[in-house]
Amino acid sequence: MLNDPTIDRRDALRHVAGAIACAAVSPPARAATGEAGRAVPFGSAVQIPWLVDNPEYRAAIVRHCSIIVPEGGLKWLDMRPDPKSYWFGLGDQLVDFGARHDMQVRGHTLVWHGALPQWAKELGSATEATHALSDHITKVVGRYAGRIASWDVINEPLPEDQQTPNERRTSIWYRLLGEDYIALALRLANAADPRAELVINEYDLEFVGARFERKRAGMLDLLEKVKKSGAPVHALGLQGHLRGERDIDRPGLARFIREVRGLGLDIVVTELDVMDYSLPGDVAERDTAVAARAAALLDVVFENCTPRAVLTWGLSDRHVWVPDYFKRRDKLPNRPLPLDENYAAKPFQRVLERFGAKVRN
Ligand code: 9MR
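Here the structure is a predicted model, which is why all the values come from computation and not from measurement.

1. Observations concerning the overall build of the chain
Okay, so step 1: In terms of helices and strands, the chain carries 13 helices and 9 strands.
Okay, so step 2: In the chain, which comprises 361 residues, the share counted as buried stands at 56%.
Okay, so step 3: Summarising the internal contacts of the chain: among those between residues at least 6 apart in sequence, 80% fall at separations of at least 24.
Okay, so step 4: For the chain, the accessible surface area stands at approximately 14700 Å², while carbon and sulfur atoms represent 54% of it.

Okay, here's the thing in structure tokens:
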């Protein structure tokens, strides 16, 4: 666990190891074993209702995941019909499933601009926002204390197009509380479960281009300020929603990871997939390109740290969120994930295995 008193020493050692690895010629992908030989857990986002209702889906998740996170079910929209009520049904099913199958469970997400019920979007004052955050985080994290080991406490705090490093996304939380909502939420989560790993999770940190450099600078600025405030934070979540048409900024991302590690934070790859809408229609060609893009990210991550976990945002192309936003012009189905629509391994899955993913049964 992150609050282990030996963590600082381990952090320092891994930082040095990361720096040494960086100085060397890029090594071939190596099996992922972290401190004390602990294997890096690999897994996926899950749809809780399918775990319950769909035996084929459930079997694939059990076979491939040693860590899971709910794609929905723990978002405000799913749990908070009104300011006083909580629906814990899906969350309870998730943690029971995780315990039954000896999987780690991540929680997603406590504070986000998205998936909010109307009443939360209409909070009118700092007092109301503080009360809502405090009640929500205390009850939700408290209920799953000891069963959800890691939380995306803050999701996507940066704007779509970061201009200056101190700019933040103007969510309801930011509008009512300013940047302090971040430290507040982290402190509340820590108080509700002092053993939980607390993560700030963000996308678009991985690519070549000025826009993405600015976003990395924004994240460093934010993390530095959170650390300075003394609020507990343990890791940065690199979502890893990659794009067929965007290259990974290998040196830029390597430098960024080392700077994040220098602040004493770990890295978690939280939502890996590859948007394939701009890639060729030919399936073999497309699957190869998707795998290469995922490999490029994992190369940089594993060369510069031992991530706390690697999760894809879904497991099989049979069930994907991608067409909601990134439909292909040729109307062919999207193929962003490690397994195909029949749960067979694609080249992307072989990449994950190269970095340490294992078939569990
Ligand atoms: O994949 C998720 C989709 O099913 C939901 O409708 C949507 C809104 O709740 O959220 C999607 O997941 C997002 C995640 O929560 C945060 N990072 C981006 C993910 C993909 O849009």
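Past the structure itself, the notes keep going.
2. A closer look at the pairing of strand S6 (residues 235-238)
Okay, so step 1: Burial of the side chains of S6 extends over both faces: Ala235 and Gly237 are buried on one face and Leu236 and Leu238 on the other.
Okay, so step 2: Here strand S5 (residues 197-202) runs beside S6; their pairing, made up of 4 bridges, is parallel. Bridge assignment links Asn201 to a residue of S6, and that residue is Gly237.
Okay, so step 3: In the classification by handedness, the crossover that spans S5, the intervening helix H10 (residues 210-229) and the parallel S6 is right-handed.
Okay, so step 4: Pairing of S6 with strand S8 (residues 266-275), which is carried by 4 bridges, proceeds in the parallel orientation. Counterpart to Gly237 in the pairing with S8 is Val268.

3. Concerning unusual backbone geometry
Okay, so step 1: Cis geometry is found at the peptide bond from His108 to Thr109, where omega equals 0 degrees.
Okay, so step 2: As for its position among the elements, Thr109 is in strand S3 (residues 104-111).
Okay, so step 3: Positioned with a positive phi, Ala115 is a non-glycine residue whose angle comes to about 50 degrees.
Okay, so step 4: Taking relative accessible area as the criterion, Ala115 reaches 24% and is therefore assigned partly exposed.
Okay, so step 5: Of note in the backbone geometry, Lys331 takes a positive phi value of approximately 70 degrees without being a glycine.
Okay, so step 6: Note that Lys331 resides in the loop between strand S9 (310-312) and helix H13 (347-354).
Okay, so step 7: Taking relative accessible area as the criterion, Lys331 reaches 75% and is therefore assigned exposed.

Calculation rules
Residues numbered from 1 in each chain as written. Predicted model: local features only at pLDDT ≥ 70, side-chain atom pairs only at ≥ 80, totals over all residues. Heavy atoms only, no water. Helix = DSSP H or I, 4+ residues; strand = E, 2+ residues; numbered from the N terminus. Buried < 20%, exposed > 50% of the residue type's maximum accessible area, 1.4 Å probe, protein only. Contact = heavy atoms within 4.5 Å. Areas by Shrake-Rupley, 256 points an atom, 1.4 Å probe, with all protein chains shown as cover. Pairing = 2+ DSSP bridges. Right-handed = clockwise from strand over helix to strand, strands pointing away.

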